[in-house]
Amino acid sequence: MTEYISVVNSLVSDAVSGRSIAKTTTADVAAALPSALTNQCIRDARSIVKKHYKFCHAAVLKNKKMIRQNSNIRVTAPELPVLRKPCCYINNQNFKVSGSSLEFPVLIGGKSKRISVRTKMSEKQQNIFASYRLGTMRVVTKGRSLVAQIVYDVDEPAVPDEGNIMGVDLGIKCPAVSYCSDGSVKFYGNGRRNKYMRRQFAYLRKKLQTAKKPRAVVRINNREQRIMRDIDHKLSHDIVAAAVAHNVKVIKLEQLTDIRSTTRKSRKNNHSLHNWSFYRLAQFIEYKAKLAGIAVEYVNAAYTSQKCPVCGNRHEADDRKYICKCGYRGHRDLVGAINICNSTEYVGNRHTA
């Protein structure tokens, strides 16, 4: 693994220095690795260089735009990416899962030899690897363990013709509310706890920036992203699980394009708004729903939290309380979920924010 990242970093450095690696082969690379892994190193290096040049080009275009606007702000070109954590990628042609063991090539005594390594693998994992087409395997370290992460392809189940419809309203104070056409309602997550964690991480970043500890700032940023990503995974899992339990055939979400520019701003709300992972949570719900055989549709988000689901009149909610002149009362986010569920203003699958 150490040799693998060393070879990739060396190839990336050569490419940026002016030596083309477009036609580089395993014969051109001196590496203590089997030829299959050396070839994978070359592909990884090309991918890294391509992304690096793309980001550099974007920075150049941004600076040109700033010059045209007579702005003194300039974007710094990204640094050359360097792999530091030991890892190794092996494509599906060069490894095999046999029972609870993994077989892959290594270099022993200067010769490539395929070895078999015993693993801790559950029965479910063995069934998955025996039933589906496998993709690339990545070997990484986690604590004192070596972990093999394997990609596999799954066929999407067909969407049933009959079933209920679920509307899901996403928010900050209440991360998600679902309303099903059978009348079931469920609230997900804890928005206050999420905002508290965001504030704590922001405080730690500010403190570390004042102390001029950039590496610690990066570490805190990465930790925050891991926690928030895990929260989004759990939210999406619970939403899809509820949909399966209520025989839902379609989950409707709001089209959240440009939501940051249209949402009401406030000093207290701005930080949470600009750190809320609109796209990621919608993406997690979508792919988990597809695996469960449930379609996902996006509807127009306009006035979903203001329109009365009974009489159709529009009213501004008083914080979380929605009261209509017709006598209807309810939670503002629940009103949004009901209107999303009943909406016929389908706008496709654009869910970027």
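Residues numbered from 1 in each chain as written. Predicted model: local features only at pLDDT ≥ 70, side-chain atom pairs only at ≥ 80, totals over all residues. Heavy atoms only, no water.

### A closer look at the pairing of strand 9 (residues 185-188)
Part 1 of the reasoning: The pairing of strand 8 (residues 176-180) with strand 9 spans four bridges and is classified as antiparallel. Looking at strand 9, one finds that Tyr179 is bridged to Val185.
Part 2 of the reasoning: Counting the residues that bridge the hairpin from strand 8 to strand 9 gives four residues, and of these Gly183 lies at a positive phi of roughly 95 degrees. (Pairing = 2+ DSSP bridges. Helix = DSSP H or I, 4+ residues; strand = E, 2+ residues; numbered from the N terminus.)

### Some remarks on the sheet that holds strand 11 (residues 295-299)
Part 1 of the reasoning: Spatial ordering of the open sheet is given by 9-8-7-10-11, a layout of five strands whose pairing is mixed. Edge positions in the sheet fall to strand 9 and strand 11, since each of these pairs with one other strand and no more. Taken pair by pair, the neighbouring strands of this sheet meet at an average axis angle of 20 degrees, ignoring direction.
Part 2 of the reasoning: Bridge count between strand 7 (residues 164-170) and strand 8: five bridges; the pairing is antiparallel. (Axes fitted to C-alpha atoms, helices over the stretch in contact; angles between N-to-C directions.)

### Topic: helix 5 (residues 214-245)
Part 1 of the reasoning: For helix 5, with 32 residues, the first-to-last C-alpha span of 47 Å sits near the 46 Å given by 1.5 Å per residue.
Part 2 of the reasoning: Remark: Asn247 follows helix 5 within two positions and exhibits a positive phi of approximately 55 degrees. (Expected span 1.5 Å × (residues − 1).)

### Looking at helix 9 (residues 332-342)
Part 1 of the reasoning: Most of helix 9 is tucked away, with nine of its eleven residues classed as buried.
Part 2 of the reasoning: Taken as a whole, helix 9 has its buried residues at Asp333, Leu334, Val335, Gly336, Ala337, Ile338, Asn339, Ile340 and Cys341. (Buried < 20%, exposed > 50% of the residue type's maximum accessible area, 1.4 Å probe, protein only.)

### With respect to the side chain of Asp232
Part 1 of the reasoning: In this structure, Asp232 sits in helix 5.
Part 2 of the reasoning: What Asp232 contacts, discounting residues up to four positions off in sequence, is Ser277, Arg280, Leu281 and Phe284. (Contact = heavy atoms within 4.5 Å.)

### A short note on the sheet that holds strand 3 (residues 101-108)
In a beta sheet, neighbouring strands pair by backbone hydrogen bonds and run either parallel or antiparallel.
Part 1 of the reasoning: Pairing within the open sheet is antiparallel, and its three strands lie in the order 2-3-4. Taken across any chain shown, the strands that pair with only one partner, and hence form the sheet edges, are strand 2 (96-98) and strand 4 (111-118). The average undirected angle you get between the axes of adjacent strands in this sheet is 40 degrees.
Part 2 of the reasoning: Sheet analysis places strand 2 next to strand 3, joined by three bridges and oriented antiparallel. Bridge pairing in strand 3 places Val97 opposite Leu102.

### Some words on the pattern of salt bridges
When their charged atoms lie close together, side chains carrying opposite charge are able to pair.
Part 1 of the reasoning: Enumeration over the complete set of coordinates arrives at eight salt bridges.
Part 2 of the reasoning: For Arg133, the salt bridge goes to Asp153, with nearest N and O atoms at 3.3 Å. Placement of Arg133 in the loop between helix 3 (123-131) and strand 5 (134-142) and of Asp153 in the loop between strand 6 (145-152) and strand 7 is noted, with a sequence separation of 20 residues between them.
Part 3 of the reasoning: With a relative accessible area of 57%, Arg133 lands in the exposed category.
Part 4 of the reasoning: In this structure, Arg280 engages Asp232 in a salt bridge whose closest nitrogen and oxygen atoms are separated by 2.9 Å. Residue Arg280 is found in helix 8 (residues 278-291), and its partner Asp232 is found in helix 5; the two are separated by 48 residues along the sequence. No difference in accessibility class separates Arg280 from Asp232, as the two residues are buried. (Salt bridge = Lys/Arg side-chain N within 4 Å of Asp/Glu carboxyl O.)

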